[in-house]
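Examining the three-dimensional arrangement
The chain contents come next:
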Amino acid sequence: MSLNVAKSSGNDYILTKELLVALLVLLFTVVLFVLWKKSRKTHRDVLLVGLCDSGKTALFSYLLYKKPVQSFTSQVENIGEFKNKKNLLRLVDIPGHERVFTKYWDAYKTSCKGVMFVVDSETVQTDICDVAELLYRILTDVTIQTNKTKIIILCNKQDKVLAKGSEVIKTLLEKELDTLRLTKSNQLESIDGKKNKTLLGKKKKHFEFSHCQMAVEFAEVISSSQDVVVEPIKGWLEGIQ
């Protein structure tokens, strides 16, 4: 009799242990699912960045409200919702002024799914050093590289007489970034004696956007009120999941 009781107690102990393990596994799975869902909801930002007067705010306004706004150099971000076929994205227009850019870039880049880099096609050749400097900062950002964040370079103001086409701008940027990455690498090495760990492009090869770890596209757009062209942006946004 005592032997049967002992066996029964042993079986109950094993069943209880297996039940607890199963409950713990179920609880762990639920927690992971909740965290995953939360992550998908929070990582839905698409950032508009670029130099001051590149037309970021005008593009932001047309994408969200289909009308122009009075644009001026802003010290704070503009935020709005953009619904594509798959989900709801949050567009964030980050101020281009160097004094405040870092603050907002650091605040939003971790939840970023895509970056729209706006270039003034009319003044790009004159401003190429500043444009490339900002773009270099984005392309070499550890968070952007790790997440393989999608990037589109918007060649804005294509309606202007002196505007450069996207292929010309691409070539100008590749040449300037090729020079810039060498300069940055040498500067860092001279300071601490170490090589730059953040690699842009491929070693011992001239820089090309196709060498980037993340997808980089180009598009020609117009943000003027007379002849607005934002369809390439909408098409790109549809690909953001």
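A short tour of the structure in this document, coming up. Note that this is a predicted model, so its numbers are computed, not measured.

What counts and what doesn't
- Residues numbered from 1 in each chain as written.
- Predicted model: local features only at pLDDT ≥ 70, side-chain atom pairs only at ≥ 80, totals over all residues.
- Heavy atoms only, no water.
- Helix = DSSP H or I, 4+ residues; strand = E, 2+ residues; numbered from the N terminus.
- Pairing = 2+ DSSP bridges.
- Core = buried A, V, L, I, M, F, W, Y, C linked by side-chain atoms within 4.5 Å.
- Buried < 20%, exposed > 50% of the residue type's maximum accessible area, 1.4 Å probe, protein only.
- Contact = heavy atoms within 4.5 Å.

Attention now goes to unusual backbone geometry. The phi torsion at Lys-148 lies on the positive side, around 50°, for a residue other than glycine. With respect to the element layout, Lys-148 can be found in the loop between helix H5 (142-147) and strand S5 (150-156). A positive phi angle, close to 60°, is found at Lys-204, a residue other than glycine. As for its position among the elements, Lys-204 is in the loop between helix H6 (166-192) and strand S6 (216-220).

The subject of this paragraph is the pairing of strand S3 (residues 88-93). Inspection of the sheet shows strand S1 (residues 45-50) paired to S3 by four bridges, in the parallel sense. The partner of Asp-45 across the bridge, within S3, is Arg-90. Relative to S3, strand S2 (residues 78-83) is paired through six bridges, and the arrangement is antiparallel. Within S3, the residue paired with Lys-83 across the bridge is Leu-88. Once S2 ends, the chain turns through four residues before running back antiparallel as S3.

Here we come to the nonpolar core. Core analysis: the biggest nonpolar cluster contains 36 residues, and Leu-139, Leu-177 and Phe-209 have the highest contact counts within it. Of all elements in the fold, only S1, helix H3 (98-108), strand S4 (112-120), helix H4 (128-139), S5 and H6 reach the threshold of two or more residues within this core. Considering each element in turn, this core owes the most residues, eight residues, to H4. With residues up to four places along the chain from it excluded, the contact list for Phe-209 reads Leu-135, Leu-139, Ile-153, Lys-170, Leu-173, Glu-174, Leu-177, Val-216 and Phe-218. In this structure, Val-118, Ile-152, Ala-219 and Val-230 belong to the second largest nonpolar core, which totals 21 residues.

Shape descriptors only; they carry no functional weight alone.
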